[in-house]
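Spelled out from the first residue to the last, the chains are:
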Amino acid sequence: ATLFVVLVVAIGGLMATMQYRSASRIILDSSSQLTAHIARQIQTDLKARQNAVAATLNLARLSGIATAPDWQTRSRYLPWLQQILRNHKGLTNFIVGYPDGDVVLVHAAGTATQQQTYGVPAASFMAIDHIDRNGDQLIDARRISYDVDLNQLQEQPLPDPGYDPRQRPWYRQAVASTLMEFT
């Protein structure tokens, strides 16, 4: 009787161990497959978003803002800039850099956190930093905020940001390439 009990316990223990190993393998294989599937989905989604943003920014670039010589001309493209932010909720900033060192830096400013970050009124939808340079000399730097109807809410001077797109790797890459650069 003792031998029978020992055999039952041994066989039961062996079966439990085999079941545990089998279940562990199934769980690990399933989790690996699920992780790989999720990673592929995320990669596909990010690529689709990047392509959509690239197409929109490329249209804006082709619209003429990239060659507009001054703020008066560049400000005519505010509806384009606004539409880019409206169409791409995940896009928080984008920059148009110019060969003379000028910069148009567009910030999404539709949330309380963004409004606080950029120091703009609560009704703001976007804030634009316009930095006007003549070579290495700063001429003017200001932040202008707009609501969703493109009414100007505030204009404030910016201290010299020390920001020159010509010194940035993305700008150098963009100048050397015919492609749009993402960072």
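Please refer to the structure placed before this passage.
Everything quoted here is computed from the prediction, not taken from an experiment.

> Looking at this model, I keep getting lost on the overall build of the protein. Mind explaining?
Check the secondary structure of the protein and you find five helices and five strands. Listing every helix and strand of the protein by position from the N terminus yields α-α-α-β-β-α-β-β-β-α. A compact globule built from 183 residues would reach a C-alpha radius of gyration of about 16 Å, whereas the protein, at 28 Å, exceeds it by more than 25%. With the C-alpha coordinates of the protein rotated into their principal frame, the extents come out at 100 × 40 × 30 Å. Put simply, the protein has 183 residues, and 32% of those count as buried. A total accessible area of about 11,800 Å² is found for the protein, and carbon and sulfur atoms account for 59% of it. Across the protein, 16 positive and 15 negative side-chain charges occur, with their mean positions spaced 12 Å apart.

> Can you walk me through the pairing of strand β2 (residues 103–108) in this structure?
Consecutive side chains along a regular strand alternate between the two faces of the sheet. Among the six residues in β2, six count as buried, and that is most of the element. Taking every second residue as pointing to the same face, both faces of β2 are buried, with Val103, Leu105 and His107 on one and Val104, Val106 and Ala108 on the other. For strand β1 (residues 93–97) and β2, the ladder comprises five bridges, and the chain directions are antiparallel. If you follow Ile95 over to β2, its bridge partner there is Leu105.

> Just to check I follow, could you spell out the packing of aromatic side chains for this structure?
As enumerated under the stated definition, the model contains zero aromatic pairs in all. A cation over a ring is seen here: Arg74 above Tyr98, with NZ or CZ 3.7 Å from the ring centre.

> Would you mind going over unusual backbone geometry with me for this structure?
A negative phi angle characterises most non-glycine residues, just as the trans form characterises most peptide bonds. Even without a glycine there, the phi angle at Leu150 is positive, about 65 degrees. In this fold, Leu150 is placed in the loop between β4 (137–146) and β5 (152–157).

> Teacher, can you tell me more about the sheet that holds strand β3 (residues 126–134) here?
Think of a sheet as strands paired side by side through backbone hydrogen bonds, with each pair either parallel or antiparallel. As summarised here, the arrangement of the five strands in space is β1-β2-β3-β4-β5, forming an open sheet in which the pairing is antiparallel. Both outer strands of the open sheet, β1 and β5, are each paired with one neighbouring strand and no more. Adjacent strand axes in the sheet meet at a mean angle of 15 degrees, parallel and antiparallel pairs treated alike. Each of β1, β2, β3 and β4 is contacted by helix α3 (residues 78–87), which is oriented at about 130 degrees to β3, the strand it contacts most.

> Would you mind going over the side chain of Thr73 with me for this structure?
Within the secondary structure, Thr73 sits in helix α2 (residues 71–74). One polar contact links Thr73 to Asp70, side chain to side chain, over a distance of 2.8 Å.

> Help me out: how do you make sense of the pattern of salt bridges in this one?
Pairing is possible between side chains that carry opposite charge, provided their charged atoms lie close to one another. Taken as a whole and judged by the stated rule, the model has six salt bridges. Where Arg166 meets Asp136, a salt bridge forms, and the shortest distance between an N and an O atom there is 3.6 Å. Highlighted residues: Arg166 in the loop between β5 and α5 (169–176) and Asp136 in the loop between β3 and β4, separated in sequence by 30 residues. For Glu155, the salt bridge goes to Arg142, with nearest N and O atoms at 3.0 Å. A residue pair is termed long-range when its members are at least 10 positions apart, and Glu155 in strand β5 and Arg142 in strand β4 qualify at 13 residues. The class for Glu155 is partly exposed, based on a relative accessible area of 41%. Judged by relative accessible area, Arg142 falls into the buried class, the value being 18%. Put simply, Asp136, Asp164 and Arg166 are held in one network by salt bridges that share partners.

Rules behind the numbers
- Residues numbered from 1 in each chain as written.
- Predicted model: local features only at pLDDT ≥ 70, side-chain atom pairs only at ≥ 80, totals over all residues.
- Heavy atoms only, no water.
- Helix = DSSP H or I, 4+ residues; strand = E, 2+ residues; numbered from the N terminus.
- Rg over C-alpha atoms; globule rule 2.2 N^0.38 Å.
- Buried < 20%, exposed > 50% of the residue type's maximum accessible area, 1.4 Å probe, protein only.
- Areas by Shrake-Rupley, 256 points an atom, 1.4 Å probe, with all protein chains shown as cover.
- Lys, Arg positive; Asp, Glu negative; His and termini not counted.
- Charge placed at Lys NZ, Arg CZ, Asp CG, Glu CD.
- Pairing = 2+ DSSP bridges.
- Phe/Tyr/Trp six-rings, centres within 6.5 Å; stacked < 30°, edge-to-face > 60°.
- Lys NZ or Arg CZ within 6 Å of the ring centre and 35° of its normal.
- Axes fitted to C-alpha atoms, helices over the stretch in contact; angles between N-to-C directions.
- Contact = heavy atoms within 4.5 Å.
- Polar contact = N/O pair within 3.5 Å; in protein donor to acceptor, adjacent residues only side chain to side chain.
- Salt bridge = Lys/Arg side-chain N within 4 Å of Asp/Glu carboxyl O.

It is worth stressing that arrangement in space is one thing and function is another; only the former is reported here.
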